[in-house]
Amino acid sequence: MKKIVRRKVARVLMFLILTTVLLVNIRTANVYAQTSDEAGVITDYNSDYYDSCDEFMGDDSAHFIVDDGNLVLEGNDSEEETIPRFETVKEAGAYLRACMVNRSGMVEFIFANVEGYSGSEGFTVIKSETFIETDSPKEGDYLYWNYAGLQGTFDVLENGIKYTLRPSYLSTAKQEAEIDEKVKSLLENEFAGWETQDEFTRVKNVYKWVTYNFTFVAGSDRHSTYSGIIERETVCQGFSSTIYRLLREMNISCRIIANDDHGWNIVKIGDYYYNIDSTWDVNTKESEWSNFLLCNSNFELGQMHNRGNRFSTDEFNQMYPMAEDDYQWEPQTDVVGIEYKTHVQSHGWQGWKLDGATSGTVGEGKRLEAITMHLKDEEYLDIDVEYMSHIQSKGWESDWKTSDSISGTEGKSKRLEAIKIRLTGNDSNDYDVFYRVHVQTFGWLGWAKNGECAGTTGISKRLEGIEIIVLPKGELPEGMIGYSYISYGKNTLLDENREKEISYSSHVQSYGWQKSISDGSISGTFGEGKRLEAFKIALGDIDCEGGVTYRSYVEGIGWENQWKYDDSISGTEGQARAIYAMQIRLYGDAEEKYDVYYRVHIQTYGWLEWVKNGEAAGLENAEKRVEAMQIVLIPKNLEGPK
């Protein structure tokens, strides 16, 4: 899809430098080959993105760098001393494709050319092979729509055609690594459990994430996938290439369709493909989507959705058969919407986010400093929202804030550490407000609801991101429920609003018994070199019979012979013996309805990974003392903490 607004000022200096470099390459090639009867310059540009070579050369977003009179392209330059030789177009295309996926700045190879192509013809057929659809989500349309063009030379030798190519991209190798990390995080968090979902659910969840989180910036040069999935501000190309990458990662067949002005996707559900256009549904609630899973006859927006020629051929239509009718699905219509925005360290106020989208940052180490929110689509309901923050050095705010009020601080560099949100009004009993936070060190915690604490107190950890959604009573958001709040046993600020599911306390070297805490909070110490000597655990307010049993691996004793039950003491008192490991499991109905997750902080190693249901937490044979522990109950078949 070509740019809606194009820059017409060419970078003349760059063009002259590039031409000089290429002419030198031609002369060098002729001297090297001697038997060459043909040599020339290759100039290629993405014709779905540019109108001309001049426009390609003048595009700042194509990653050229001019440094000390030399043309350098970002990426990983080939360091091979021997130029590879390929017998077939398929082999040459696969090699060029692999190099371009790695954002190589220069690619050299020899093509055997048994077909007798000219140098330019050979490049054309190799390029066609380069951008074919493969099993990789980073190739095919994803690679094509992040490719700007290339300059290079060819030299016809006795044993084939030598190509020296310098591709240019809309994203750098470093940016692609960021995208890879973001995709991995999305699959493990926002889209957790996608492997067991049907095709429709996967498509809907990706479409919802993009439309709820992206901002359309018309007429900009933000065309890459990076501008979409990382920067969240892009044009249609960033929308559609992000959709393509995520759905291909989830094993959904997907293509990018375009004309000169616009681009969108087709996705396969069952035996047929359907049109989706996330650009035109951006910042629109699910119940109001008008461009989701439509057949061709109902997919009209003036001339905007007329397919380009290469997407209208009989061959293409046979490979990607379109459904004759729209996909039948029922959007949620009874959900009260919620909009919210946060004030972020060094960024200031971000834009409004809607219904479960992430506000704030993840992976940047930036603190949330303030938040405001309000409900949407509640005109005929008696319902509103209130919220309260725990602020660095100040603690909990004294009063609940009402819609569109600011909770937190501005200009004082104070981090938010925890938050509570609740619904008010006569109709509030028909809905639950869920919210979860991304916390320094701990990452995403589980969902809290209806006035419960989300975040931490007593351990000086900043909130970095937040997601909020209002659902009809009885419905649950995707992701972990519970483990939303962490306090520290030495100076815990208990969340009195929460019905405790599992409570525990520790006997710590020189301190003795700490107060009982619950549901993922930290019992013990860390950073003080104090051994945990004993502990006890009890189930709280869960609607089932049964209980909890546990035992310790004790210094000088080993594993206790008898499992302890329901608030009994495991370990020792007054013997100065460290606990090296522990096991915890449920019994009775509790075991059928919940998983118990737990982890320990041990000498030298710090926090170990979460384990569950009787697995050993700690290192029993390494003689490393346990210093702190966390325990949480998670309903069966839901993801646990990471």
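Cut-offs used in this document
- Residues numbered from 1 in each chain as written.
- Predicted model: local features only at pLDDT ≥ 70, side-chain atom pairs only at ≥ 80, totals over all residues.
- Heavy atoms only, no water.
- Salt bridge = Lys/Arg side-chain N within 4 Å of Asp/Glu carboxyl O.
- Helix = DSSP H or I, 4+ residues; strand = E, 2+ residues; numbered from the N terminus.
- Buried < 20%, exposed > 50% of the residue type's maximum accessible area, 1.4 Å probe, protein only.
- Expected span 1.5 Å × (residues − 1).
- Phe/Tyr/Trp six-rings, centres within 6.5 Å; stacked < 30°, edge-to-face > 60°.
- Pairing = 2+ DSSP bridges.
- Contact = heavy atoms within 4.5 Å.
- Axes fitted to C-alpha atoms, helices over the stretch in contact; angles between N-to-C directions.
- Patch = residues over 30% accessible without salt bridge, like charges linked within 9 Å, V, L, I, M, F, W, Y side chains within 5 Å.
- Areas by Shrake-Rupley, 256 points an atom, 1.4 Å probe, with all protein chains shown as cover.
- Lys, Arg positive; Asp, Glu negative; His and termini not counted.
- Charge placed at Lys NZ, Arg CZ, Asp CG, Glu CD.
- Parallel < 35°, antiparallel > 145°, perpendicular 65-115°, else oblique.
- Left-handed = near helix turned anticlockwise from the far one by under 90°.
- Nonpolar A, V, L, I, M, F, W, Y, C, P; charged D, E, K, R; others polar.
- Polar contact = N/O pair within 3.5 Å; in protein donor to acceptor, adjacent residues only side chain to side chain.

Peer 1: Which parts of the structure should I look at to understand the pattern of salt bridges?
Peer 2: Any two side chains of opposite charge can pair, so long as their charged atoms come close to each other. Tallying each qualifying case throughout the model produces 24 salt bridges. The residue Arg103 makes a salt bridge to Glu176 at a minimum N-O spacing of 3.3 Å. In this pair, Arg103 is assigned in the loop between α3 (89–101) and β5 (107–111) and Glu176 in helix α6 (residues 173–188), connecting sequence segments 73 residues apart. Using a relative accessible area of 4% as the deciding quantity, one classes Glu176 as buried.

Peer 1: Which parts of the structure should I look at to understand helix α7 (residues 199–213)?
Peer 2: Owing to its 3.6 residues per turn, the α-helix aligns residues three or four sequence positions apart on the same side. The end-to-end C-alpha separation of α7 is 21 Å, in line with the 21 Å expected for 15 residues at 1.5 Å each. Among the 15 residues that make up α7, 13 are buried, leaving the element largely enclosed by the rest of the structure.

Peer 1: It is not clear to me how the packing of aromatic side chains should be interpreted in this structure. Could you clarify?
Peer 2: Between two aromatic rings, the relevant description is the distance of the centres plus the angle of the planes. Within this structure, the stated rule accounts for 32 aromatic pairs. Geometrically, the ring pair formed by Phe131 and Tyr147 is tilted, given 5.1 Å between the ring centres and 45° between the ring planes. Note that Phe131 is positioned in the loop between α4 (119–130) and α5 (141–144) and Tyr147 in strand β6 (residues 147–157), a separation of 16 residues in sequence. Overall, Phe131 belongs to the buried group, its relative accessible area being 13%. Ring centres of Tyr274 and Tyr327 lie 5.5 Å apart, and the angle between their planes is 85°; on these two criteria the pair is classed as edge-to-face. Of this pair, Tyr274 sits in strand β12 (residues 272–276) while Tyr327 sits in the loop between α10 (314–319) and β14 (337–344); the two residues are 53 residues apart in sequence, bridging distant segments of the chain. Judged by its relative accessible area of 9%, Tyr274 falls in the buried class.

Peer 1: Help me understand the sheet that holds strand β4 (residues 85–86) in this model?
Peer 2: Remark on secondary structure: sheet strands pair via backbone hydrogen bonds, oriented parallel or antiparallel. Read across the sheet, 5 strands follow the order β1-β6-β7-β5-β4 without closing on themselves; strand pairing throughout is mixed. Lying at the two open borders of the sheet, with one neighbouring strand each, are β1 (39–45) and β4. In the sheet, β1 pairs with β6 via 7 bridges, with the strands oriented antiparallel. The partner of Ala39 across the bridge, within β6, is Asp155. Sheet strands touched by α4: β1, β5, β6 and β7 (160–169). Its angle to β7, the strand with the most contacts, is close to 55°.

Peer 1: Is there a simple way to think about the sheet that holds strand β10 (residues 254–258) in this case?
Peer 2: The antiparallel open sheet is built from 4 strands, whose spatial order is β10-β11-β12-β13. Strands with a single pairing partner mark the edges of an open sheet, and in this sheet they are β10 and β13 (292–294). Ignoring which end each strand starts from, the neighbouring axes of this sheet average 40° apart. Where β12 and β13 come together, 2 bridges link them in antiparallel fashion. Bridging from a neighbouring strand, Asn275 pairs with Leu294 of β13. Packed on one face of the sheet, α7 meets β11 (263–269), β12 and β13 and runs near 125° to β13. Lying over the sheet, helix α9 (residues 236–249) contacts β10, β11 and β12, oriented at roughly 165° with respect to β10.

Peer 1: How should a negative patch on the surface be read in this particular structure?
Peer 2: On the surface, Asp543, Glu545, Asp589, Glu591 and Glu592 cluster together into a patch of negative charge. Considering the arrangement of structural elements, one finds Glu545 in the loop between β34 (532–539) and β35 (547–554). Glu545 sits in the exposed class, given a relative accessible area of 59%.

Peer 1: What is the right way to read the packing of α3 against α4 from this model?
Peer 2: Each pair of packed helices can be summarised by the angle the axes make with each other and by the distance between the axes. At a closest axis distance of 8 Å, the pairing of α3 and α4 adopts a crossing angle of 60°. As judged from the angle between their axes, α3 and α4 are oblique. The handedness of the crossing between α3 and α4 is right-handed. Taking contact as the criterion, the partners of Val89, Lys90, Ala92, Gly93, Leu96, Arg97 and Met100 in α3 are, on α4, Val125, Ile126, Glu129 and Thr130. Considered class by class, the residues forming the contact of α3 with α4 number 6 nonpolar, 2 polar and 3 charged.

Peer 1: Explanation requested: the side chain of Arg462 in the structure shown.
Peer 2: For Arg462, the location among the structural elements is in the loop between β27 (454–457) and β28 (463–472). Within the local environment of Arg462, its side chain forms a polar contact with the backbone oxygen of Gly365, the two atoms lying 3.4 Å apart. Side chain to side chain, Arg462 and Glu464 meet in a polar contact 2.7 Å long.

Remember that the coordinates give geometry; whether it matters functionally is a separate question.
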